[in-house]
Amino acid sequence: MKTRKVLFITQQIMPYVPETQMSLLGRRVPQFVQEKGREIRTFMPKWGTINERRCQLHEVIRLSGMNLIIDETDHLLILKVASIPSARMQVYFIDNDDYFMKRLEECDAQGSEYPDNGERAIFYARGVLETVKKLRWVPDIIHCQGWVSTIAPLYIKVCYREEPSFRDSRIVFTPGGEELTLPVDAQFRASLLFKGMTGKELSEFPEQLTYRDLMKLALKYSDALMLLPGQDYPELVEYAKELKLPVFGPVDLTEANASTTVVDFFDSVWSEGKEAKSEE
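Residues numbered from 1 in each chain as written. Predicted model: local features only at pLDDT ≥ 70, side-chain atom pairs only at ≥ 80, totals over all residues. Heavy atoms only, no water.

Participant: Is there a simple way to explain the overall build of the protein in this structure?
Facilitator: The helix and strand tally for the protein stands at eight helices and eleven strands. Computed over the C-alpha atoms, the radius of gyration of the protein is 17 Å, within 12% of the 19 Å expected from 2.2 N^0.38 for a compact globule of 280 residues. Sequence separation of at least 24 residues holds for 70% of the intrachain contacts in the protein that already meet a minimum separation of 6. Of the roughly 12,500 Å² that the protein leaves accessible, carbon and sulfur atoms contribute 47%. (Helix = DSSP H or I, 4+ residues; strand = E, 2+ residues; numbered from the N terminus. Rg over C-alpha atoms; globule rule 2.2 N^0.38 Å. Contact = heavy atoms within 4.5 Å. Areas by Shrake-Rupley, 256 points an atom, 1.4 Å probe, with all protein chains shown as cover.)

Participant: Before we go on, may I ask you to explain helix H1 (residues 21-35) in this structure?
Facilitator: An α-helix turns once per 3.6 residues; consequently, residues spaced three or four apart project the same way. In this model, H1 (15 residues) spans 21 Å end to end at C-alpha, consistent with the 21 Å of a helix rising 1.5 Å per residue. When you tally the buried positions in H1, you get eleven out of 15 residues, the bulk of the element. Here H1 has its buried residues at Met22, Ser23, Leu24, Leu25, Gly26, Arg27, Val29, Pro30, Gln31, Phe32 and Val33. The opening residue of H1 is threonine 20, an N-cap whose side-chain oxygen sits 3.3 Å from the backbone nitrogen of methionine 22. Directly beyond the C-terminal end of H1, a positive phi value near 90° is found at glycine 37. (Expected span 1.5 Å × (residues − 1). Buried < 20%, exposed > 50% of the residue type's maximum accessible area, 1.4 Å probe, protein only. Polar contact = N/O pair within 3.5 Å; in protein donor to acceptor, adjacent residues only side chain to side chain.)

Participant: Mind showing me how you'd approach the side chain of serine 165 here?
Facilitator: Along the chain, serine 165 falls in the loop between helix H4 (152-159) and strand S9 (170-174). Given the relative accessible area of 8%, serine 165 is considered buried. For serine 165, the residues in contact, after removing those within four places along its chain, are Val132, Lys133, Trp137, Val138 and Pro139.

Participant: Which parts of the structure should I look at to understand the packing of aromatic side chains?
Facilitator: To describe a pair of aromatic rings, one takes the distance between the centres and the angle between the planes. Evaluated as defined, the whole model comprises twelve aromatic pairs. An angle of 45° between the planes, with centres 6.4 Å apart, marks the rings of phenylalanine 8 and phenylalanine 266 as tilted. Of this pair, phenylalanine 8 sits in strand S1 (residues 5-9) while phenylalanine 266 sits in helix H8 (residues 258-279), placing them 258 residues apart in sequence. Aromatic rings pair up to connect Trp47, Tyr99, Phe100, Phe123 and Trp147 into one cluster. Positioned over the ring face of tyrosine 114 is arginine 103, at 4.3 Å from the centre of the ring. (Phe/Tyr/Trp six-rings, centres within 6.5 Å; stacked < 30°, edge-to-face > 60°. Lys NZ or Arg CZ within 6 Å of the ring centre and 35° of its normal.)

Participant: It is not clear to me how the environment of histidine 58 should be interpreted in this structure. Could you clarify?
Facilitator: Note on placement: histidine 58 falls in strand S3 (residues 58-59). For the pair histidine 58 and alanine 82, spaced 24 residues apart in sequence, the C-alpha separation works out to 6.8 Å. Excluding residues that lie within four positions of it along the chain, histidine 58 makes contacts with Leu79, Lys80 and Val81.

Participant: When you look at the pattern of salt bridges in this model, what are you seeing that I'm missing?
Facilitator: Pairing is possible between side chains that carry opposite charge, provided their charged atoms lie close to one another. Applying the stated criterion across every chain yields a total of 16 salt bridges. A salt bridge links lysine 46 to glutamate 52, with the nearest nitrogen and oxygen atoms 3.6 Å apart. Note on lysine 46: relative accessible area 4%, which makes it buried. A salt bridge links glutamate 130 to lysine 133, with the shortest nitrogen-to-oxygen separation between them at 3.8 Å. Here lysine 133 and glutamate 130 lie together in helix H3 (residues 117-135), a separation of three residues that amounts to about one turn. Taking the relative accessible area as the measure of exposure, lysine 133 reaches 26% and is therefore partly exposed. A network of salt bridges, in which partner residues are shared, links Lys46, Glu52, Lys80 and Asp95. (Salt bridge = Lys/Arg side-chain N within 4 Å of Asp/Glu carboxyl O.)

Participant: I keep staring at the pairing of strand S4 (residues 67-70) and nothing clicks. Help me out?
Facilitator: Note on strand geometry: in a regular strand, side chains alternate between the two faces of the sheet. Alternating residues of S4 divide into Leu68 and Ile70, all buried, and Asn67 and Ile69, none buried. Relative to strand S5 (residues 73-76), S4 runs antiparallel, the two being bridged by four bridges. Its bridge partner lying in S5, leucine 68 is registered against histidine 75. If you look at the hairpin formed by S4 and S5, you'll find two residues sitting between the two strands, and aspartate 71 has a positive phi there, around 55°. (Pairing = 2+ DSSP bridges.)

Participant: What exactly am I supposed to notice about the environment of threonine 10 here?
Facilitator: Position of threonine 10 relative to the elements: it lies in the loop between S1 and H1. The residues touching threonine 10, leaving out its near neighbours within four places in the chain, are Gly26, Thr42, Phe43, Met44, Pro45, Tyr124, Gln145 and Val148. Within the structure, the side chain of threonine 10 is placed 2.6 Å from the backbone oxygen of phenylalanine 43, a separation counted as a polar contact.

Participant: Can you walk me through the nonpolar core in this structure?
Facilitator: General note: in soluble globular proteins, nonpolar side chains tend to be found buried as a group. Residues Tyr16, Met44, Ile151, Tyr155, Met226 and Phe266 are the most contacted members of the largest nonpolar core, which totals 101 residues. Broken down by element, the residue count for this core peaks at nine residues, all from H3. For phenylalanine 266, the residues in contact, after removing those within four places along its chain, are Thr3, Val6, Phe8, Val29, Val33, Ile141, His143, Val172 and Met226. (Core = buried A, V, L, I, M, F, W, Y, C linked by side-chain atoms within 4.5 Å.)

Participant: Looking at this structure, I do not really get the packing of H3 against H4. What am I missing?
Facilitator: The axes of two packed helices give the description: the angle between them and the distance between them. At a minimum axis separation of 9 Å, H3 and H4 run at an interaxial angle of 50°. It follows from the interaxial angle that H3 and H4 lie oblique. When you trace H3 past H4, the crossing you get is right-handed. Each of Ile122, Ala125, Arg126 and Leu129 in H3 lies in contact with H4, whose residues at this interface are Ala152, Tyr155 and Ile156. In terms of residue class, the contact of H3 with H4 is made up of six nonpolar, no polar and one charged. (Axes fitted to C-alpha atoms, helices over the stretch in contact; angles between N-to-C directions. Parallel < 35°, antiparallel > 145°, perpendicular 65-115°, else oblique. Left-handed = near helix turned anticlockwise from the far one by under 90°. Nonpolar A, V, L, I, M, F, W, Y, C, P; charged D, E, K, R; others polar.)

Structure, rendered in structure tokens:
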């Protein structure tokens, strides 16, 4: 059984940010999937380094304007879009004055981590999921990439589990990006609570979650782990095995058969999910 629609919740995409393993992942895997005849939607944060004029971003008025309440404060969701002509690929950008506009990725210009990185990940996850709902689009596979995507699997499987857009979706998680050194503070837990959540979802995690804890939280609510070359996460691989999740890779995205390998893996994750549903 083949996947039909794949949603990408990415951290980086070339050419909007410089080439890294994560930006290469964000750029190539959606193209692989699309070239195999599947339908895609691709999202990334509108980091402050992205030049809107040069990259030809424009606001999608009909999808912008939602207020997302985080820690009892309204944060306006601004949605922008641009295209990568060489890949015939459209990219949606999640933006907000407080969390992304004029701000870099993990750290500021002086190299200090933003203390609200946890809240930024919360806003990004909710922004993507609310936008997909508005699009009335139903993904079979959701590929979450990097630290900024770590909250999405939890919300999909707990808060949005009855939503038609996500009820049957299967999640693949790929860790990566710069490793955060600051743990998210206790306020993060309060900010994280959303519809249907009680707090027990984080019961196995420490009060202050580290970068590795965020990776494990994402994996706990995912259906598969996909690794890239050079990613050394033995603890995460062991945790995936404890959860009985398939571990794929490391996959070299520059290999000639990479597109077939990746899409076949997505198909297998989707098929396993359909089989599990039919047995219930």
